[in-house]
Amino acid sequence: MSILIINIKQLLQVHDSNVTIVKGEAMKTLPIIEDAYVYIDNDTIIEYGKMEDCDGIEAETTIDATGKIVLPSWCDSHTHIVYAGNRTSEFVDRINGLTYAEIANRGGGILNSAKLLQNTSEEDLYNQSTKRMEELIKMGTGAFEIKTGYGLTVEAELKMLRVIKRIKQESLAKITPTLLAAHAIPEAYRANKDAYIKLITEKLIPQASELNIANFIDVFCEEGYFDIDDTEAILKAGLKHKFRPKIHVNQFNILGGIALGVKYNALSVDHLEELNEADIEALKGSDTIPVALPGCSYFLSIPYTPARKLIDAGLPLAIATDYNPGSAPSGNMNFVVSAACVKLKMTPEEAINAATINGAYAMRISNMYGSITRGKKANLIITKPLDHYSEIPYAFAHNPVEQVILNGQLKNI
Ligand code: NIG
Ligand code: FE
């Protein structure tokens with residue numbers, strides 16, 4: 001199946017050589033071709049360029065994109081999209097004055113979602129999750145990282161991994177699975193956290209490794225959850241089985257998780273609503289990308305990640321949704337791109353870089369996703385008619401997407 005997209009008003013994120021990350025000052029640049037075409041064969045971007053050079057190219061399907069913008073699909077590097085039910089009652093409790101921590105201490109929060117998931121069949125969990133994903137594909141997301149962490153027993157965590165595996169096999173979107181068994185301390189282990197850590201390091205990680213599904217290990221490194229020593233023990237056990245760390249750090253408190261992540265060559269450190277100079281220094285010269293989650297800051301009314309400090313220090317930054325039932329019940333990357341501009345003071349170019357190529361880096365797939373480059377996978381967004389790409393973040397809460405191409409296949413919205 002070949003597709004030729006012609007008369008593209010602006011083709012975004014075009015790189016002739018295979019870039020895999022964009023850092024610091026370079027994030028201000030978004031390479032574009034005005035009045036462009038793209039030619040796709042099967043699942044691959046074969047050629048692109050100015051319309052005047054398109055003569056002679058023929059394809060089975062031709063799409064006229066007059067007045068429209070084409071860009072790589074969003075790469076959402078941090079989601080908890082596989083979950084059961086919802087937590088609307090906690091949402092109302094928070095409106096009425098309780099904090100996220102108070103709700104969690106009463107047995108709500110992650111433990112509430114774990115109870116729901118443990119009592120949901122694998123089939124039902126798969127159906128609930130794919131329904132969410134289908135909606136997000138229509139909003140332009142073409143790659144999703146998906147975490148476990150609402151199981152909190154060996155059995156339920158493995159159930160989550162099997163559901164993620166099935167999604168990975170059946171979806172046209174690219175999926176990268178992450179084991180987050182260390183998301184919260186289960187009720188049964190409240191008085192004996194070390195026994196739960198032992199269960200993770202000695203049982204769950206080896207079993208997950210045997211299933212050969214997850215590539216990454218995650219820990220919620222936070223007061224009341226897992227401290228630095230716990231986190232280190234879990235990362236070490238994960239690394240023995242070749243799970244690279246991707247960790248939740250600095251959401252509410254600074255425990256030193258960023259330096260720890262860098263020490264263990266984490267692919268990403270995510271959240272960073274709280275950040276100090278030592279954290280920034282630790283990231284310099286590392287291969288670890290910081291990831292901001294503005295939807296979580298919005299929904300919990302907590303500080304936004306100081307993106308300017310990170311980018312102005314020459315560091316890369318990715319943005320992601322953190323889609324989950326407790327702190328960010330939305331997987332809309334268009335909103336995240338807009339919030340990055342409005343609340344994190346990123347320019348549209350920086351935000352789009354953060355949501356495409358850098359998001360792909362934070363999933364270790366940026367050699368094949370996240371830019372318009374010959375040989376990369378054909379995962380593209382074709383927008384509705386727009387005056388300029390800045391309209392994507394400007395018109396917040398709108399869906400700018402008209403069509404998507406996923407793995408070379410066209411989907412009308
Ligand atoms: O990324 N920080 C920890 N985990 C999720 C929230 C999970 C929940 O409340 O269910 C997050 O914000
Ligand atoms: Fe998260």
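Bear in mind the structure is a predicted one, so any value in this text is a computation, not a measurement. (Residues numbered from 1 in each chain as written. Chains lettered and ligands numbered in written order. Predicted model: local features only at pLDDT ≥ 70, side-chain atom pairs only at ≥ 80, totals over all residues.)

With respect to the overall build of the protein chain
Inference 1: For the protein chain, the count of helices and strands is 15 helices and 16 strands.
Inference 2: Its C-alpha atoms give the protein chain principal-axis dimensions of roughly 70 × 45 × 45 Å.
Inference 3: Within the protein chain, contacts between residues at least 6 apart in sequence are counted, and of these 73% link residues at least 24 apart. (Helix = DSSP H or I, 4+ residues; strand = E, 2+ residues; numbered from the N terminus. Contact = placed C-beta atoms within 7 Å.)

Re the packing of helix H5 (residues 154-170) against helix H6 (residues 193-211)
Inference 1: Contact geometry for H5 and H6: axes closest at 11 Å, N-to-C directions at 30°. As far as their axial angle goes, H6 and H5 are roughly parallel. The two elements H5 and H6 cross, and the hand of that crossing is right-handed. Within the contact between the two elements, H5 uses Val154, Glu157, Leu158 and Leu161 and H6 uses Leu199, Lys203, Leu204, Gln207, Ala208 and Leu211. (Axes fitted to C-alpha atoms, helices over the stretch in contact; angles between N-to-C directions. Parallel < 35°, antiparallel > 145°, perpendicular 65-115°, else oblique. Left-handed = near helix turned anticlockwise from the far one by under 90°.)

Some remarks on the UniProt feature "binding site: N-formimidoyl-L-glutamate" (unreviewed entry) in the protein chain
Inference 1: With numbering aligned to this structure, UniProt lists the feature "binding site: N-formimidoyl-L-glutamate" (unreviewed entry) at Tyr150, Asn324 and Gly326. Separation in sequence by 177 residues is not matched in space for these annotated residues, since their most distant C-alpha atoms are only 11.1 Å apart.
Inference 2: Mapped onto the fold, tyrosine 150 is located in the loop between strand S7 (141-147) and H5.
Inference 3: Considering the arrangement of structural elements, one finds glycine 326 in the loop between strand S13 (318-319) and helix H12 (333-342).
Inference 4: Among the residues examined, glycine 326 registers 25 C-beta atoms within 10 Å and is labelled buried.
Inference 5: Excluding residues within four positions of it along the chain, glycine 326 makes contact with Arg87, Glu90, Gly109, Ile110 and Ser113. (UniProt positions renumbered as here; feature names shortened; annotations may be inferred. Buried ≥ 20, exposed ≤ 12 C-beta atoms within 10 Å, placed from the backbone.)

A closer look at the pairing of strand S16 (residues 409-412)
Inference 1: Pairing analysis gives four bridges linking strand S15 (residues 401-406) to S16, with the strands arranged antiparallel. When the sheet's bridge partners are listed, leucine 406 is paired in S16 with glutamine 409.
Inference 2: A loop of two residues connects S15 with S16, the two strands running antiparallel in sequence, and asparagine 407 in this loop sits at a positive phi of about 50°. (Pairing = 2+ DSSP bridges.)

Re the UniProt feature "binding site: 4-imidazolone-5-propanoate" (unreviewed entry) in the protein chain
Inference 1: Here, the residues flagged by UniProt with the feature "binding site: 4-imidazolone-5-propanoate" (unreviewed entry) are Arg87, Tyr150, His183, Gln251 and Ser327.
Inference 2: Tracing the sequence through the fold places arginine 87 in the loop between strand S6 (74-76) and helix H1 (88-95).
Inference 3: The exposure class of arginine 87 is buried, given the 22 C-beta atoms found within 10 Å.
Inference 4: Arginine 87 has contacts with Asn112, Ser113, Pro325 and Gly326, leaving out every residue within four places of it along the chain.
Inference 5: Topologically, glutamine 251 is positioned in the loop between strand S10 (244-249) and helix H8 (257-263).
Inference 6: With 27 C-beta atoms packed within 10 Å, glutamine 251 lands in the buried category.

A few points about the site of ligand 1
Inference 1: The full set of residues close to ligand 1 is Gly109, Ile110, Ser113, Phe220, His248, Gln251, Cys296, Asp322, Asn324, Pro325, Gly326 and Ser327.
Inference 2: Of the residues contributing to the shell around ligand 1, the split by class is four nonpolar, seven polar and one charged. (Near = placed C-beta within 6 Å. Nonpolar A, V, L, I, M, F, W, Y, C, P; charged D, E, K, R; others polar.)

Points about the confidence of the model for the protein chain
Inference 1: Looking at the protein chain, the pLDDT average stands at 97 and 100% of residues meet or exceed 70.
Inference 2: As a predicted assembly, this complex carries a pTM of 0.98 together with an ipTM value of 0.96. (pLDDT = per-residue confidence, 0-100.)

A few points about the nonpolar core
Inference 1: Counting 129 residues, the largest nonpolar core has Ile5, Val38, Val70, Ala340 and Ala355 as the members making the most contacts within it.
Inference 2: Split by domain, the residues of this core number at least three in each of domain 1 (2-72 + 368-412) and domain 2 (75-361).
Inference 3: With near-sequence residues (within four places) excluded, alanine 355 lies in contact with Trp74, Cys75, Ile319, Met333, Val336 and Val337. (Core = buried A, V, L, I, M, F, W, Y, C linked by C-beta atoms within 7 Å. Domains from an automatic or database assignment.)

Comments concerning the sheet that holds strand S11 (residues 268-271)
Inference 1: The sheet built from eight strands is open, its strands ordered S6-S7-S8-S9-S10-S11-S12-S13 with parallel pairing. Looking at the sheet topology across the chains shown, the edges are occupied by S6 and S13.
Inference 2: With three bridges connecting them, S6 and S7 associate as parallel partners. Within the sheet, the bridge partner assigned to aspartate 76 lies in S7 and is phenylalanine 144.

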